[in-house]
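Spelled out from the first residue to the last, the chains are:
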Amino acid sequence: MGGKNKQRTKGNLRPSNSGRAAELLAKEQGTVPGFIGFGTFHSDLGYVPAIQGAEEIDSLVDSDFRMVLRKLSKKDVTTKLKASFDHDRRVREATQQAFEKLILKVKKHLAPYLKSLMGYWLMAQCDTYTPAASAAKDAFEAAFPPSKQPEAIAFCKDEITSVLQDHLIKETPDTLSDPQTVPEEERDAKFYRVVTCSLLALKKLLCLLPDNELDSLEEKFKSLLSQNKFWKYGKHSIPQIRSAYFELVSALCQRIPHLMKDEASKVSPSVLLSIDDSDPIVCPALWEAVLYTLTTVELIPFIDAVLKDPKLQDGQLFNHLAETLSSWEARADLEKDDKTARNLEKVLLNFWERLSEICVKKINEPEADVKSVLGVSNLLQVLQKPKSSLKLNKKKVGKVRFADEMPENNKKNEKCVSSEGENREGSELMAEPSVSPSCSDLISPLRKKPLEDLVCKLAEMSINYVNERKSEQHLRFLSTLLSSFSSSQVFKVLIGDEKQGAVKDKPLEIAKLVQKNPAVQFLYQKVTGWLTEDQRKDAGFLVDILYSALCCCDDNVERKAILDDLTEVELKWNSVLQIIEKACSSSDNHALVTLWLKGDILGEKLVTLAEHLCNKDLESTVSSEPYFSERWTLLSLVLSQHVKNDYLIGEVYVERIIVKLHETLSKAKKLSEAENNDSSVSFICDVAYNYFSSAKGCLLMPSSEDLLLTLFQLCAESKEKTHLPDFIISKLKNTWLSGVNLLVHRTGDTYKQSTFLRLSALWLKNQVQSSTLDVTSLQVLLSAVDDLLNALLESKDANLLGVYIGSVMPDNSEWEKMRQSLPVQWLHRPLLEGRLSLNYEGFKTDFKEQDTKKLPSHLCTSALLSKMILVALKKETVLENNELEKIIAELLYSLQWYEELDNPPVFLTGFCEMLQKMNITYDNLCGLGNTSGLLQLLFDSFFPLTEGNMHTIQSLCPFLSKEDKKEFIAQCIPALLAWAKEDVCRINGGFGHLAIFNSCLQTKSIDDGELLHGLLKILITWKRDHEDIFLFSCNLSEVSPEILAVNIEIIRFLSLFLKYCSSPLAESEWDFIMCSMLAWLETTNENQVLYSIPLVQLFACVSCDLACELSAFFDSTTLGTNGSLPVNLISEWKEFFSPGIHSLLLPLLVTATGKLMPELPQYDQDNLKSYGDEEEEPALSPPAALMSLLSTQEDLLENVLGYIPVGQIVTIKPLSEDFCYVLGYLLTWKLILTFFKAASSQLRALYSMYLRKTKSLNKLLYHLFRLMPENPAFAETAVELSSKDPRTFFTEELQLGIRDTSALPYHIPHLACSVYHMTLKDLPAMVRLWWNSSEKRVFNIVDRFTSKYVSSVLSFQEISSVQTSTQLFNGMTVKARATTREVMATYSIEDIVIELIIQLPSNYPLGSITVESGKRVGVAVQQWRNWMLQLSTYLTHQNGSIMEGLALWKNNVDKRFEGVEDCMICFSVIHGFNYSLPKKACRTCKKKFHSACLYKWFTSSNKSTCPLCRETFF
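Keep in mind the model is a prediction, meaning the values are calculated, not measured. (Residues numbered from 1 in each chain as written. Predicted model: local features only at pLDDT ≥ 70, side-chain atom pairs only at ≥ 80, totals over all residues. Heavy atoms only, no water.)

Caption draft 1: Focus on the overall build of the protein chain. When helices and strands are counted, the protein chain shows 75 helices and ten strands. Counting every position in the protein chain, which comprises 1514 residues, the buried fraction comes to 50%. For the protein chain, contacts bridging at least 24 residues in sequence account for 71% of all contacts bridging at least 6. (Helix = DSSP H or I, 4+ residues; strand = E, 2+ residues; numbered from the N terminus. Buried < 20%, exposed > 50% of the residue type's maximum accessible area, 1.4 Å probe, protein only. Contact = heavy atoms within 4.5 Å.)

In structure tokens, the structure reads:
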């Protein structure tokens, strides 16, 4: 902007500044122009005078100022305000500031332009942007001093009025702005601002004009008021316009009231019907307009209209009416001799007469209009208040400030206003508190007499309708009337001429009161009868009448006598409840009934009520009655309400009620959940919650603390024990937490003062030490304790939490007892891993044998205390006596105990998962305290050694400092030297000290070669002196665990010695080590049957470890290190010891591996869900170590056999290198097939997919047909071969023996046949797939060989397995016929029978298994064919037996009958390969498919559409 060569902005169609100026000049039709706007923004209201006679003005101002004026004619804001970055509002402000400067320059030369200027100038002073308006006012004051302003306004009044009226009546957004160049939004905004400023400017004109100038404008204002458009501004959508409009109406009412009276039909609805406007911008102006309208327009017709319309009653109209009357009354009182005062009195008298007529008319109808009656009630309540009360009420409720202020002489009376509405809530008809005497004196005599007369007239009329027609509407009106006007005069009117017949049987005291007091007489004659009527649900207004009658009694003694009498005989419980509720809602009411509330009559009656309610809790009929909950509400009210920190009723009765509630709550556990649903427990919770929540400042009594304890216990126990529904448990929790919250805010020693805290701590301690908690129960308990401790954190007593935790903490003997009670099978793993030592067999029991789900007490106690310290440390609570470290140590003990368990039961796993969720973890706890002192905390001293001391040292060895370990070793060496034979096997003897030495040595903490060498010599001495201790080549079943344990430690030491000692050894020492090793291995090999015993397992493991260490030592020996070894040692190792080791270990390895393989698939089974059918072709590898070995062997076999054609038999030379390769390869496959056979159907599918992808099985089959002999006969003679059942490598079991050299040539052929037999049996589908895809020559060789030698064996085994199978199918029977190689399956469900015959081919399992139709009942032909096809598919493609295929097929049919739809690709529910269900659904047709089927469909069709509906599949 401002640049000469800049391109005009695209789309800028607005004319130039000069063009717009010309347009505005033309609009003025040749007159002197007014103010021409020059803003570019839509909210522009800046005006400057168009300058005529520029030459004349130029001579008056200096050149700099002329430059400024010229710049003002430029188009853009930036040019107008060189230094400004604001938009339009700042421009308007700057315009007025510039105008002020101009005025100061031109001064009197402004006069010729004043009339055309003044209207816009007034609008500028009413600008909605305050700084701009202020600038305009400053300019105006600069031009005219205050004394001259009215004169200037009067001079221009006609022009001003014309301009402003035109803006209000004629102008539209499109006439103020050019629709072709200005957007609609900008046009509207400018119009709204112009209208607002015009309305305010018109108000300003009225306010500034002298009175004598108004008459000349009367016609113009009459014209304005006759326009409907003007009155519509009161309902305009823009709040600023509405506010300005109401301000103008107020000014019109003040300045020209006669015109407004003439337009009363428009003024009244426009203003008075807008009182529901809640916009804060509008309200002040609106209510000012309402006030001036009411003073201008006649009131009575208006009041009549208001009484008919409840919407108008909701606001402050009645208050403003009363305020208007008060101002008139005050003026009449102050000007008694004045004519005006007399006229006002006449007006008021007339007002009351007219008002009385209206009210009587509204009430004097049999079916009085509810809205009108309500309006009369509200109006009379307001009219009886003094003016100061109205002011106060207005400020409290309406929060609207009016223009007129309270007269000075009334301000001094403000202190007399009663505390109206204090602590009250209720309906419109609720009684207002009576005005105090000092305030009632403020009511003018001009109002008091007519108001009382009106009230008495309306009361008499109402009681007549009640007596004659039983009109409840009139009775409610009477209640409201008496609440505000309770006087003897009114009650006398109500009694009339009735006789005192209602008190014949009453005590003398009551009879006297009835005779003396008309209010009491009315109470007994009428009110008590009304209160006892059953059909009336809401009797609150009747209770208001009762309170009105009590107000007329002389003192509280009289009131107590009346209420006691009514309580004993007359009143029902709902009436008592309402009386007390109203006493609680108002301090005035409470003062009337205090003696009665504290009295014995009410107290005893309430205790009886509590007993009745609690004893009836099992009677469902009671709980269904409406008043049942009301009675509980009454109990809650009298327990929970307090006045000045005191109970509402007598304290002794409060305690008796609480005792009864506690007794009932304690019986809840004995009820079923259904009974508890209908019992009083829920009500007791509500009562107790209110009691605890409200008792601020009140000390709890012992009975309430007992109740609190029971509430806590019910929440801290599981639902299985308490039988409480969830909603009641939630209530119980909220209730006891409110009670604890009350406790913790006491001052002083909270724990000593509180019975609840002491008893709850004791109860928690007993709960966790009783060993009766399962995981769920413990979780509930910990959750409750967490809530309790978090509540205790709020206490000001800094020691409270620490003292509470200390009370739950067991002492050392209790901890020891709990540790000893932990089952000891946890020792199995650390024992085998060498982390702990043991010299007895003490852990043969298992959790499964115990058949329990109860957690050990040590776990429960440590979990509870750990949870407590996690909460306590939020507040940095200090625990005494090292309790923090003790708790951490015990929890770590519990966690470690669980970690060491092999296959821990599910409930223990659940326990640890619960701890994880609650953040009770090893890491969290270790960060809480200093663990350096844990050793001394668990055990006072380590020596003499005990089992606990020994295990502690061994467990903590990895964490001990080097100095600590040296200290242990220093005590171990002398002890090892000194022990006699009988002490060698004891914990505090050779065994224990050697175990500790090994643990220290295991962590590489001993680098003293001489020390190690010395210990080796000690062991050699042991062998020399006590050789029978060393278990060389012996039967371990006859050996004691103590001796076995010593040997284990000796072997461990020798292994560690070889690893860490570099000192040269003598030949005798090497002989001791190597001979002992071989002898121990022989013992290991000879005692395989005892491997189930943990110590024997451990003995075998450490013996093998020693052999490995020796082998590693000699493998690492080089020529450079030979010099330190004895002569011939290496040759002895190679020629004698090494072969001896392998001859012992190889059979052992084969045996152990064979036993291990079937157990491995279970580990994959546990994680089966992670290999779901979400992948396209999911695969899972068999054991990785085995497959890695196989991969290496495949490369070796490829070099040995790869060049030989399939079918050409290769003879492998025994014990050659190739023999070892082939033997290892086939044995590896034997292990893989053993592993595969032990797996489930789902796992076999995953494993087989892996084998297919790696092509490992194809390689095996090719190699087998190079290794299997053409004639796999087992016998040597032809006679045996021709017998009926020839013995072959496929019928006879393989026996591998290294020592039997004569059988070595048959090992490879027989092993190859054995592997092929296993492959056909366990992987039939994989072999079938390979066979069908092989070349024709190989196809024929495989078919011929398999049919001749293998098929009959496998068929017989398959048929036999069906015949001998113990597997039972629900709804399906399976039979087999060996002669025909057939299996018949009959499936039946309801009326459906399906019979299928499975025929095995002659070349089974290579050929396809055929499925033939048998008996068929109740099945459609197509479905029948589908199921036959499915069974055929399962038998063809699954790698398993026929029984497994049938089980899969039955499961598929079962799912079909359960409603699971087939996959629309394979037409089967269960996938034939990976056994998954259809899960992938099409978003269009909603059909579901198997993931694998979809993957195959997408890849084969090269499309991503649904197979069924052909829509894109997302």
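Now that the structure has been shown, the text picks up again.
Caption draft 2: Spotlight on the environment of Pro1183. Secondary-structure assignment places Pro1183 in the loop between helix 64 (1161–1166) and helix 65 (1184–1201). When the C-alpha positions of Pro1183 and Asp1164 are compared, they lie 9.8 Å apart, and in sequence the two are 19 residues distant. Setting aside residues no more than four positions away along its own chain, Pro1183 makes contact with Leu1160 and Phe1235.

Caption draft 3: Fine view of the pairing of strand 6 (residues 1382–1389). As paired strands, strand 5 (residues 1372–1377) and strand 6 are joined by six bridges and run antiparallel to one another. Residue Lys1375 lies in a different strand from strand 6, and its bridge partner there is Met1384. Remark: four residues form the turn of the hairpin made by strand 5 and strand 6, two consecutive strands paired antiparallel; Arg1381 in that turn has positive phi of roughly 50°. Pairing geometry for strand 6 and strand 7 (residues 1392–1399), over eight bridges, is antiparallel. When the sheet's bridge partners are listed, Ser1388 is paired in strand 7 with Val1393. (Pairing = 2+ DSSP bridges.)

Caption draft 4: Summary view of the pattern of salt bridges. Overall, the coordinates contain 30 salt bridges when judged by the stated rule. Across the pair Arg187 and Asp174 runs a salt bridge whose closest N-O atoms are separated by 2.9 Å. Here Arg187 is found in helix 11 (residues 184–208), whereas its partner Asp174 is found in helix 10 (residues 173–176), with 13 residues between them in sequence. Classification of Arg187 as buried rests on a relative accessible area of 12%. Judged by its relative accessible area of 43%, Asp174 is partly exposed. Put simply, Lys516, Asp554 and Glu558 are held in one network by salt bridges that share partners. (Salt bridge = Lys/Arg side-chain N within 4 Å of Asp/Glu carboxyl O.)

Caption draft 5: Region of the structure containing the packing of aromatic side chains. This structure, assessed with the given rule, holds 36 aromatic pairs. Their ring planes at 65° and their centres at 5.8 Å tell us that Phe1290 and Phe1345 sit as a pair that is edge-to-face. Here Phe1290, found in the loop between helix 69 (1278–1281) and helix 70 (1304–1322), pairs with Phe1345, found in helix 72 (residues 1336–1364); they are 55 residues apart in sequence, far enough to count as distant. Neither Phe1290 nor Phe1345 differs from the other in exposure class; each is buried. Considering the side-chain rings of Phe1345 and Tyr1349, the 5.2 Å spacing of their centres and the 55° angle between planes classify their relative orientation as tilted. Within this pair, Phe1345 and its partner Tyr1349 are both found in helix 72, separated by four residues, close to a single helical turn. Tyr1349 gets classed as buried once you look at its relative accessible area, which sits at 13%. (Phe/Tyr/Trp six-rings, centres within 6.5 Å; stacked < 30°, edge-to-face > 60°.)

Caption draft 6: Inspection of the packing of helix 58 (residues 990–1002) against helix 59 (residues 1009–1025) at higher detail. Across the interface, helix 58 lies against helix 59 with an axial gap of 13 Å and an inter-helix angle of 150°. Our classification of the angle between helix 58 and helix 59 gives roughly antiparallel. Between helix 58 and helix 59 lies a crossing of left-handed hand. Between helix 58 and helix 59, the residues in contact are Gly990, Leu994, Phe997 and Leu1001 and Leu1011, Leu1012, Leu1015, Leu1019 and Trp1022, respectively. (Axes fitted to C-alpha atoms, helices over the stretch in contact; angles between N-to-C directions. Parallel < 35°, antiparallel > 145°, perpendicular 65-115°, else oblique. Left-handed = near helix turned anticlockwise from the far one by under 90°.)

Caption draft 7: Quick look at helix 65. Spanning 18 residues, helix 65 covers 25 Å between terminal C-alpha atoms, matching the ideal 26 Å at 1.5 Å per step. Along helix 65, the positions that sit buried rather than exposed are Leu1186, Met1187, Leu1190, Gln1193, Glu1194, Leu1197, Val1200 and Leu1201. The buried residues of helix 65 all sit within an arc of 125° when viewed along its axis, so they share a single face. Summarising the geometry of helix 65, the exposed residues directed more than 90 degrees from the buried face are Ala1184, Ala1185, Asp1195 and Asn1199. On its buried face, helix 65 sits against helix 66 (1217–1237), helix 67 (1241–1254) and helix 68 (1256–1267). (Expected span 1.5 Å × (residues − 1). Arc of directions from axis to C-beta.)

Caption draft 8: Main features of the packing of helix 41 (residues 702–716) against helix 46 (residues 775–792). Their axes nearest at 8 Å, the elements helix 41 and helix 46 cross at an angle of 135°. Accordingly, the angle class assigned to the pair helix 41 and helix 46 is oblique. Across from Phe712, Cys715 and Ala716 in helix 41, the residues of helix 46 making contact are Ser777, Val780, Leu781, Ala784 and Leu788. Classifying every residue of the contact of helix 41 with helix 46 gives seven nonpolar, one polar and no charged. (Nonpolar A, V, L, I, M, F, W, Y, C, P; charged D, E, K, R; others polar.)

Caption draft 9: Up close: unusual backbone geometry. In this structure, Pro1405 follows Tyr1404 across a cis peptide bond, with omega equal to 10°. Along the polypeptide, Pro1405 turns up in the loop between strand 7 and strand 8 (1410–1417). Unusually for a residue other than glycine, Lys1255 sits at a positive phi of about 60°. Mapped onto the elements, Lys1255 comes out in the loop between helix 67 and helix 68.

Caption draft 10: The arrangement of helix 45 (residues 755–769) in detail. Helix length check: helix 45 (15 residues) gives 22 Å between terminal C-alpha atoms against 21 Å at 1.5 Å per residue, within 8%. Backbone geometry just downstream of helix 45 places Ser771 in the positive-phi region, at approximately 55°.

Caption draft 11: View of the environment of Ile1141. Turning to its location among the elements, Ile1141 is positioned in helix 63 (residues 1129–1156). Ile1141 sits 30 residues away from Ser1111 along the chain, and the two C-alpha atoms are 9.5 Å apart. Not counting the four nearest positions on each side in its chain, Ile1141 is found in contact with Met1077, Leu1078, Leu1081, Ala1107 and Trp1133.

Caption draft 12: View of the side chain of Ser177. Inspection of the secondary structure assignment puts Ser177 in the loop between helix 10 and helix 11. We classify Ser177 as buried; its relative accessible area is 8%. Setting aside chain neighbours within four positions, we find Ser177 in contact with Val182, Arg187 and Lys190.

Caption draft 13: Expanded view of the confidence of the model for the protein chain. Confidence along the protein chain averages 75 in pLDDT terms, with 77% of residues attaining 70 or more. Across residues 390–441, confidence stays below pLDDT 50; counting only partners more than four residues off in sequence or on other chains, it has 89 contacts. (pLDDT = per-residue confidence, 0-100.)

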